[in-house]
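Coordinate inspection notes
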Amino acid sequence: MMRISLLGSTGSIGTQVLDVVERLGGRVQVSALAAHSNVELLARQARRWRPGLVCIGDASKVGELREACGPETRVTAGADGWIEAAAIESALKVVIAVAGTPGLEPTLAAIDAGKEIALASKEVLVAAGHIVMRRAAERGVRIIPIDSEHSAIFQCINGEDPASIETIFLTASGGPFAEVPKEELLRVTPERALEHPTWRMGKKVTVDSATLMNKGLEIIEARWLFGVRPDQVRVVIHPQSIVHSMVRFVDGSIIAQLGLPDMRLPIQYALLYPERVDTGLPRADMERIGTLSFRPPDEERFPALRLAREAAQIGGTMPAVMNAADEVAVGLFLEGKIGFTDITQMVGETMRRHVQGGGATLEEVLSADAWARRTAADLAEEIAIAN
Ligand SMILES: NC(=O)c1ccc[n+]([C@@H]2O[C@H](COP(=O)([O-])OP(=O)(O)OC[C@H]3O[C@@H](n4cnc5c(N)ncnc54)[C@H](OP(=O)(O)O)[C@@H]3O)[C@@H](O)[C@H]2O)c1
């Protein structure tokens, strides 16, 4: 029996994790659930799964949550509550499904407590991959990716010598604007950016998919997870989203992992690794799919890939700065305060203003993250004045 703590249970990944747990019919038990603000859904999940601990990030809502859960459920709140949920004794595995860097400190707490990690939150590795991977290696903790591309790579290299990896090909659907000319990108609205052609996801990751920043973040995620250089990770546009990623080995052979675009498959793999079981998930019908196509991305229209490669090469605090500026910019775009192409412009300008230094410690990473958020917010005001 596997017991998990699920951080980010009310999100797109979190709810799909619970769907998989349901399908596994009692093989996985829930020790703790944590979310940020959605009391109603969190309380419903708590009543269904009866975890030992439920945590709400927004401490102002703890009373409401206690009332909704009833006296038999232990309820905590705030950053300390998240750490408690991450390190809860009864869980063997901690699923990190938080949107953005708030997942970083709970991930480190779970590693320190010796829990296996099932990781969806790519931002955790983008901001502090060097710290997280070192800590996991020191504690002998395995990190199993949930992101579909990284789950695919994990499966492709299973049992292979890591030194035999030549190139990782991260596939990208291209997002809703793959064919849209540069001038039209200036007029893209949040509603249009939220219409992803193949995946249903949370808002931040959907907008990141539209700017291709998601793929940029994934380049950095891959280099840490699989111990490769950033220049060994390449992006290919694959509109069908059937090949979830590929690895070319030193002998020239390429291994790929295929399946329907359904996050429940990599989630189930991460929960049960190394076991595979049939839980009735829909199958890819290869005869019907017919064509699988691949082409290089257009970095002129989508500069996010270049920015991410630059951040990866510079290293230190630069990836954390890029990631934080992107979180701010995407938030402002969703509020209608900046345009679609302003997102990568703001990220690029924040990176340009960043005086690189340090980055070896968590404090340095968090301080660079805070600096980038302030700088990006200032830039947004400059954009608003200019418009
Ligand atoms: N969705 C996908 O298909 C997909 C695929 C691959 C990778 N990922 C990655 O998985 C992660 C989660 O994505 P998602 O799409 O599931 O996001 P989402 O739907 O926006 O859900 C985010 C979760 O994080 C919680 N949260 C939000 N702000 C928080 C804060 N400040 N502190 C702590 N928790 C906070 C939310 O709680 P409340 O709802 O209670 O506020 C919710 O439970 C992201 O890193 C994303 O890149 C997602």
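The following refers to the structure shown.

The rules behind the values
- Residues numbered from 1 in each chain as written.
- Predicted model: local features only at pLDDT ≥ 70, side-chain atom pairs only at ≥ 80, totals over all residues.
- Heavy atoms only, no water.
- Helix = DSSP H or I, 4+ residues; strand = E, 2+ residues; numbered from the N terminus.
- Rg over C-alpha atoms; globule rule 2.2 N^0.38 Å.
- Contact = heavy atoms within 4.5 Å.
- Areas by Shrake-Rupley, 256 points an atom, 1.4 Å probe, with all protein chains shown as cover.
- Lys, Arg positive; Asp, Glu negative; His and termini not counted.
- Charge placed at Lys NZ, Arg CZ, Asp CG, Glu CD.
- Pairing = 2+ DSSP bridges.
- Axes fitted to C-alpha atoms, helices over the stretch in contact; angles between N-to-C directions.
- Parallel < 35°, antiparallel > 145°, perpendicular 65-115°, else oblique.
- Nonpolar A, V, L, I, M, F, W, Y, C, P; charged D, E, K, R; others polar.
- Phe/Tyr/Trp six-rings, centres within 6.5 Å; stacked < 30°, edge-to-face > 60°.
- Buried < 20%, exposed > 50% of the residue type's maximum accessible area, 1.4 Å probe, protein only.
- Lys NZ or Arg CZ within 6 Å of the ring centre and 35° of its normal.
- Salt bridge = Lys/Arg side-chain N within 4 Å of Asp/Glu carboxyl O.
- Core = buried A, V, L, I, M, F, W, Y, C linked by side-chain atoms within 4.5 Å.
- Near = heavy atom within 4 Å.
- Polar contact = N/O pair within 3.5 Å; in protein donor to acceptor, adjacent residues only side chain to side chain.

Below, the discussion takes up the overall build of the protein. On a plain count of helices and strands, the protein comes out with 17 helices and eleven strands. The C-alpha radius of gyration of the protein comes to 20 Å, within 12% of the 21 Å expected for a compact globule of 387 residues. When the backbone C-alpha atoms are referred to their principal axes, the protein occupies close to 55 × 50 × 40 Å. Contacts spanning at least 24 positions in sequence make up 68% of the contacts within the protein whose residues lie at least 6 apart. Within the structure as shown, the protein displays about 16200 Å² of accessible surface, and the carbon and sulfur contribution to it stands at 51%. Looking at charge distribution, the protein has the averaged site of its 41 positive side-chain charges lying 3 Å from that of its 50 negative ones.

On to the sheet that holds strand 9 (residues 233-237), then. Strand order in the open sheet made by the four strands is 9-8-10-11, with mixed pairing throughout. At either margin of the open sheet sits one strand with a lone partner, and together these are strand 9 and strand 11 (254-258). In this sheet, adjacent strand axes meet at a mean angle of 20 degrees when their direction is disregarded. Here five bridges tie strand 8 (residues 165-172) to strand 10 (residues 243-249), and the two strands are oriented antiparallel to one another.

Before going further, it helps to spend a moment on the packing of helix 10 (residues 203-211) against helix 11 (residues 213-226). Packing of helix 10 against helix 11 leaves a shortest axis separation of 5 Å and a crossing angle of 95 degrees. Here helix 10 is positioned roughly perpendicular relative to helix 11, judged by the angle of their axes. Contact residues: helix 10 offers Lys204, Val205, Asp208, Ser209 and Thr211, while helix 11 offers Met213, Asn214 and Leu217. Counted by class, the contact of helix 10 with helix 11 contains three nonpolar, three polar and two charged residues.

In this structure the tally under the stated criterion is five aromatic pairs. Taken together, a centroid distance of 5.2 Å and an interplanar angle of 75 degrees make the contact between phenylalanine 177 and phenylalanine 340 edge-to-face. With a gap of 163 residues between them, phenylalanine 177 in the loop between strand 8 and helix 8 (182-185) and phenylalanine 340 in helix 16 (residues 340-353) connect regions that are remote in the sequence. Ring plane angle 65 degrees and centroid distance 5.6 Å describe the contact between tyrosine 269 and tyrosine 273, whose orientation is recorded as edge-to-face. In this structure, tyrosine 269 and tyrosine 273 share a single accessibility class: buried. Clustering of aromatic rings is evident, with ring pairs tying together Phe154, Tyr269 and Tyr273. The ring centre of tryptophan 49 lies 4.0 Å from the NZ or CZ of arginine 48, which sits over that ring. The side chain of arginine 223 reaches across the aromatic face of tryptophan 224, ending 4.2 Å from its centre.

This part covers the pattern of salt bridges. In the structure shown here, the tally under the stated rule is 35 salt bridges. Among the salt bridges present, the one from arginine 301 reaches aspartate 298, with a minimum N-O distance of 2.9 Å. Aspartate 298 sits in the partly exposed class, given a relative accessible area of 30%. One salt-bridge network, in which partners are shared between bridges, spans Lys122, Asp147, Glu149, Lys215 and Glu218.

With that settled, consider the nonpolar core. The biggest cluster of nonpolar side chains holds 130 residues, and the ones touching the most others in it are Met322 and Met346. For this core, the leading source of residues is helix 15 (residues 318-334), giving eleven residues. Not counting chain neighbours up to four residues away, the residues in contact with methionine 322 comprise Val126, Met213, Leu217, Ile220, Leu307, Ala308, Ala311, Val347 and Met351.

So, about the site of the ligand. As a structural note, the neighbourhood of the ligand is formed by 25 residues, with Thr10, Ser37, Asn38, Glu123 and Asp147 the closest of them. Between the ligand and glycine 8 there is a distance of 3.3 Å, counted from an oxygen atom to a backbone nitrogen or oxygen. Within the contact set of the ligand, an oxygen atom lies 3.2 Å away from a backbone nitrogen or oxygen of glycine 11. Look at the ligand: alone it shows 890 Å² of surface, and the protein chains cover 84% of it. Looking at the shell around the ligand, the elements with two or more residues in it are helix 1 (12-23) and helix 6 (122-139). Residues belonging to the shell around the ligand are distributed by class as follows: eleven nonpolar, ten polar and four charged.

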